[in-house]
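What the coordinates show
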Amino acid sequence: MANKVQHSTIHWFRKGLRFHDNPSLLHALRTSRHVYPVYVVDQNWMKEHDIRYGANWWRFVIQCLEELDTRLRKYGLRLFVVRGSAEDFFKEHFRKWKVTQLTHDVDTEPFYRIRDVAVRKIASDMGVEVVTHVAHTLYDIDRTVERNGGTPPLTYRKFLKVYNEMGKPPKEKETATTEHFANCTLPPEALQDKKFDMVTLEELGMRCDFPAKFVGGETEALRRLEKSLEDKDWVLKFEKPKTSPNSLLPSTTVLSPYITVGCLSARLFYHQLDKIYSKAKNHSQPPVSLHGQLIWREFFYTAAAHTPNFNQMEGNRVCLQIPWNKNDEHLTRWRNAQTGFPWIDAAMTQLRKEGWIHHLARHAVACFLTRGDLWISWEEGMKVFEELLLDADWSLNAGNWMWLSASAFFHQYFRVYSPIVFGKKTDPKGTFIRHYLPVLKNFPKEYIYEPWKAPRNVQEKAGCIVGKDYPRPIVDHKEASQRNLDIMRDVRKDQKETASVTLGYGK
DNA sequence: CTTTTCGTTGCCACG
DNA sequence: ACGTGGCAACGAAAA
């Protein structure tokens, strides 16, 4: 090899749990004699920053880590799973392992940024060079914002304009493979150090008493990508709003969990789509196309990275200030699929048991919790999603919750999803409900979306008495949504007046 | 400045 | 089956 191969490098996996399109890993391998691949599990840090991934998410990530470890061992390396503070670990091991270089992806969430600044300081104090690359998003987000004049685009159209000016995102990098690892080794004592062996759910104090519907790992991610792109016609015609939220086989790709933890590169997905698009005469366009979905992700990442307090209402300049109610009983019932609205409860059951629900199902349950029915803050819903979703992503989660609650980005608050009618369009027989709420499975289709309306004898025949075997609806939808609509209108009127008064003072 | 148009995915009644 | 306008009417951006 022509270039000097002499660094002793820690490659820090956070997201980016992959060998394909991993520029910072490639850099580590190309410039080092020793490469220590590290993943940090720090529950205190997570608690401090209110990061609340649940057992299903951890199981998924551990599967990803196991695959990384297995593959690294084939190349003579291993994964070091660190317990506790990243700062403490680096302070100790930069010296112990004679580290001269640290490599990792650029991450934009505030909690990552704070920690990265601290780690960078430790590194510079100890003479460790830090090399980072943008690999999780399509573009370098700071440059997108620069291009937009210093602020993030806050409408999709505006974002598209910037996107069109910037040209296609960088091509994905080659996959790290045998030749990249050829010159990298680890000292035997490090290879055998049991302290850094794989973490388990038990160790994290967690339990999953249901099987994994979606298995983590890069191999599964790439297999799923390939399968998703198999039917070219489906890819070319894809329009998100036309996909079904309640088909038992997902009507979309379900690549989001893989992209979120980074065992699938968004850039790889982007360019594979691009190849298919370029060979065809016609294809669907953003925002509804598959490219459009990746651009939505980028849109929320960009807004989140440049909006202080993006995941809360208070101090968030893009978020409408709404006097939400606090109602722990209603929140708990929503969380635990006990609202008495079968379509809502079925979706929430799918979320809890599988960790993924269709985007439109998220719309339905989010609208129900916030502006539609329960008038509970979007922040509460966001927290539940973060705990239960495999694809929970800080930026997208907060952004979409603001969208659905009509707090930001989306303003047509009078368009309320009906918890009874909406699901019927794509699943009139209620197959989805019957699957996830077996207690209702024998209700005739006339009553499956509103079982409380079934006459007593029908309930008896179905073997399910509403109010006993399945809850009565916790609100009257018509009444609640109308009341909420009125409050929303008043809030907006008030805030417009306040804003103009403030403006008046400013002049 | 005002006016019009548009916005990934509402519901309902009517034809 | 599907399209349309009314509902009561949002904010951002184009015109």
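Here is a short report on the structure shown in this document.

What counts as what
Residues numbered from 1 in each chain as written. Chains lettered and ligands numbered in written order. Predicted model: local features only at pLDDT ≥ 70, side-chain atom pairs only at ≥ 80, totals over all residues. Heavy atoms only, no water. Helix = DSSP H or I, 4+ residues; strand = E, 2+ residues; numbered from the N terminus. Rg over C-alpha atoms; globule rule 2.2 N^0.38 Å. Buried < 20%, exposed > 50% of the residue type's maximum accessible area, 1.4 Å probe, protein only. Contact = heavy atoms within 4.5 Å. Areas by Shrake-Rupley, 256 points an atom, 1.4 Å probe, with all protein chains shown as cover. Lys, Arg positive; Asp, Glu negative; His and termini not counted. Charge placed at Lys NZ, Arg CZ, Asp CG, Glu CD. Pairing = 2+ DSSP bridges. Axes fitted to C-alpha atoms, helices over the stretch in contact; angles between N-to-C directions. Near = heavy atom within 4 Å. Polar contact = N/O pair within 3.5 Å; in protein donor to acceptor, adjacent residues only side chain to side chain. Right-handed = clockwise from strand over helix to strand, strands pointing away.

Here we look at the overall build of chain A
Counting its regular elements, chain A contains 22 helices and five strands. For 507 residues, the compact-globule estimate of 2.2 N^0.38 gives 23 Å, and chain A sits close to it at 25 Å. A buried classification covers 57% of the 507 residues belonging to chain A. Counting only contacts in chain A whose residues sit at least 6 apart along the sequence, the fraction spanning at least 24 positions is 79%. In the structure as shown, chain A presents an accessible area of about 23000 Å², 52% of it carried by carbon and sulfur atoms. Between the averaged position of the 74 positive side-chain charges in chain A and that of its 61 negative side-chain charges there is a distance of 4 Å.

Overview of the side chain of Ser244
Structurally, the position occupied by Ser244 is in the loop between helix H11 (232-237) and helix H12 (256-261). The exposure class of Ser244 is buried, given its relative accessible area of 15%. Among residues more than four places away in sequence, those in contact with Ser244 are Ser251, His358 and Thr426.

Quick word on the sheet that holds strand E3 (residues 80-83)
Spatial strand order, E3-E2-E1-E4-E5: five strands in an open sheet with parallel pairing. Each edge of the open sheet carries a strand with a single partner, namely E3 and strand E5 (129-133). Strand-to-strand twist across the sheet, computed as the mean angle between neighbouring axes with direction ignored, equals 30°. Packed onto the sheet, helix H3 (residues 55-74) meets strand E1 (7-13) and strand E2 (32-41) and runs at close to 165° relative to E2.

Some words on the protein's contact with DNA strand B
As a matter of local geometry, DNA strand B sits amid 20 residues, with Pro241, His363, Ser418, Val421 and Lys425 nearest to it. Among all atoms of DNA strand B positioned within 4 Å of the protein, those belonging to sugar or phosphate total 45%. At a separation of 3.5 Å, a base nitrogen of DNA strand B approaches a polar side-chain atom of Trp296. Lys425 places a polar side-chain atom, nitrogen or oxygen, 3.2 Å from a phosphate oxygen of DNA strand B. Listing elements by their share of the surface near DNA strand B, those giving two or more residues are helix H7 (156-166), helix H14 (290-305) and helix H17 (359-372). The dominant element in the surface near DNA strand B, judged by the number of residues it contributes, is H17, at three residues.

A word on the pairing of E1
Among the seven residues in E1, seven count as buried, and that is most of the element. The two faces of E1 match: His7, Thr9, His11 and Phe13 on one face and Ser8, Ile10 and Trp12 on the other face are all buried. Of the pairings in the sheet, the one linking E1 to E2 comprises seven bridges and is parallel in character. Bridged to Ile10 within E2 is Tyr36. For the crossover from E1 across helix H1 (residues 23-31) to E2, the handedness is right-handed. As judged from the four bridges shared by E1 and strand E4 (residues 101-105), these two strands associate in the parallel manner.

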